[in-house]
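Remarks on the overall topology
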Amino acid sequence: MTATITPYNPARADNISAAGELHGRYYTYADLNAGHIRDRDMPMHGFDPQYGNIVDYILRCTHDIWERKNVGMIATHYAAQGEIYTPLGYAERVQGVVENTTQTLQAFPDRELYSVNIIWDGNATDGYLSSHLIRTLMTNSQDSTFGPASGNRIDIYTIADCLCKENLIIKEWLVRDNGAYVQQLGLDIKQVAWDMAVADYKNGITHWWEAETSHRIDTPSAPSPVIGRPENNDPTALVRNMFNDVWRNKYFALIDDYYTYNVQVHGCGGREIIGSRHLKTFLTDIYGGLSNADLVIEHSQTTASNAGDNETFVHVRWSITATHETAHMFGTGTQAPLYIMGISQFRVIHNRICEEWILFDALAIWKQIHLNAIRKDPSTLENA
């Protein structure tokens, strides 16, 4: 008797990840492409019926829009007048999201988005806030907004924090590693930033962070004493205390108290760092030329893992305001006021940070430096 073999079908219910597995790392392409409607395991008032939970919503709509190229879904998944904050600027028109997505897909038709993790919090009444860490692979096979097609392969990280309510993304904070992006295209990051700064100056653009930057440089936050590691196993307190002690108070030696010695850090500009010793060097490079540096945690949230080993994921959106005082990783000091918008994700096991993704936009920082120089001396445009 010949056995009956059921053909593979990604829409089969038994190809769907079990309910409750809320991290992107546990999904398969079968999950993403399946037409099966997941059983809901959290309140999702107003969301389309195919979404079982907030992670399912983020993963599926991202995959459908970017990889399956259903760009029209943006109109049903973004608020018509939402708020989108990026280090390069601000947008609120959904049509702008549609146009930017279409342009990117035209320039990079093979774009692949791999979800590394999603950290979420919230409820159906107030909305869910997701922090989506994505690794993007794509080839620049067509002309883009940066110039002619280079044929280069791009591999970058992005973190998108989205406030979602009733099937719509109503607010988003997006940080992409644009420094690595333009450099992998084979372009000079300072020249690209200069061209952007010139365009902003000629169009009279004032950015959303400028007033806050000026205020915080003149009136920094009140001092906060060194706290030290929490005694109990509290991943959220661990990460927040680390930011206070290491980032805010600049006790870089305390990195050894918070991290495993062999921590893996995926940093901006395509940097891959291994070991707490080299993490200290990276952070001192960031702070080396800044004065009046003021770090503020804008938001943090934590999601437990079901992978065992006491694994927890922590998200922090943060900002640093400072004056570009002396030479450091962004060139010779220019006295430019800087706003560094960053998002980090942490993998914590047994109350130690063992892996970190830290993103800020080097291209945006260079643009701020150039824009400040142009505003101080517009004649520099004549000599450009």
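That block above? That's the structure.
Residues numbered from 1 in each chain as written. Predicted model: local features only at pLDDT ≥ 70, side-chain atom pairs only at ≥ 80, totals over all residues. Heavy atoms only, no water.

Quick word on the packing of helix H8 (residues 235-248) against helix H10 (residues 276-287)
The condition that has to hold: Interaxial angle, 0 to 180 degrees, is taken between N-to-C directions of lines fitted to C-alpha atoms, where a helix line uses only the stretch in contact. Helix and strand definitions here come from DSSP, where helices need a minimum of 4 consecutive H or I residues and strands a minimum of 2 consecutive E residues; each element is numbered from the N-terminal end. In these notes the angle categories are as follows: under 35 degrees is roughly parallel, over 145 is roughly antiparallel, 65 to 115 is roughly perpendicular, and the rest is oblique. Contacts: residue pairs with any heavy atoms within 4.5 Å of one another. As a working rule, the residues Ala, Val, Leu, Ile, Met, Phe, Trp, Tyr, Cys and Pro are called nonpolar, Asp, Glu, Lys and Arg charged, and the rest polar, with Gly in that last group.
Where H8 contacts H10, the two axes come as close as 11 Å, and the packing angle between them is 60°. The angle between H8 and H10 places the two elements in the oblique class. Where H8 approaches H10, its residues Val246, Trp247 and Arg248 are matched on the opposing element by Leu283, Ile286 and Tyr287. In terms of residue class, the contact of H8 with H10 is made up of five nonpolar, no polar and one charged.

Details of empty space enclosed by the protein
This is how it is decided: Detection works on a 1 Å grid of protein atoms alone, calling trapped sets that fit a 1.4 Å probe cavities and calling open sets with protein on both sides within 12 Å along at least five of seven lines pockets, with lining residues defined by an atom within 4 Å of a point. Grid points are joined across faces, edges and corners, and a volume is the space filled by probe spheres set on the points.
If you walk through the whole model with that rule in mind, you get two cavities of 30 Å³ or more. Volume-wise, the largest cavity comes out at about 60 Å³. In terms of lining residues, the largest cavity is bounded by 13 residues, among which Tyr78, Ala79, Gly82, Ile84 and Ile169 are the most central. Among the elements of the structure, strand S1 (78-86), helix H4 (94-107) and strand S6 (168-176) are those that each provide at least two residues to the lining of the largest cavity. Take the lining of the largest cavity: its biggest share by element is five residues, from S1. Roughly 40 Å³ of volume is contained in the second largest cavity. Together, Pro87, Tyr339, Ile340, Met341, Phe360, Asp361, Ala364, Ile365 and Gln368 line the second largest cavity. When contributions to the lining of the second largest cavity are tallied by element, the ones reaching two or more residues are strand S11 (337-349) and helix H11 (362-376).

Quick notes on the sheet that holds strand S3 (residues 112-123)
To keep things clear, this is the line we draw: Pairing between two strands requires that DSSP report at least two bridges joining them.
Taking strand neighbours across the sheet as the criterion, the six strands line up as S2-S1-S6-S5-S4-S3 in an open arrangement whose pairing is mixed. Pairing within the sheet leaves two strands with one partner each, and these edge strands are strand S2 (89-91) and S3. Sheet twist, expressed as the mean angle between neighbouring strand axes with direction ignored, is 15°. Taken together, the 11 bridges between S3 and strand S4 (residues 127-139) define a ladder with antiparallel strand orientation. Looking across to S4, one finds that Gly122 is bridged to Tyr128. Strands in contact with helix H2 (residues 54-67) are S3, S4, strand S5 (153-165) and S6; relative to S3, the strand with the most contacts, it is inclined by about 145°. Lying on the sheet, H4 is in contact with S1 and S4; it crosses S1 at an angle near 65°.

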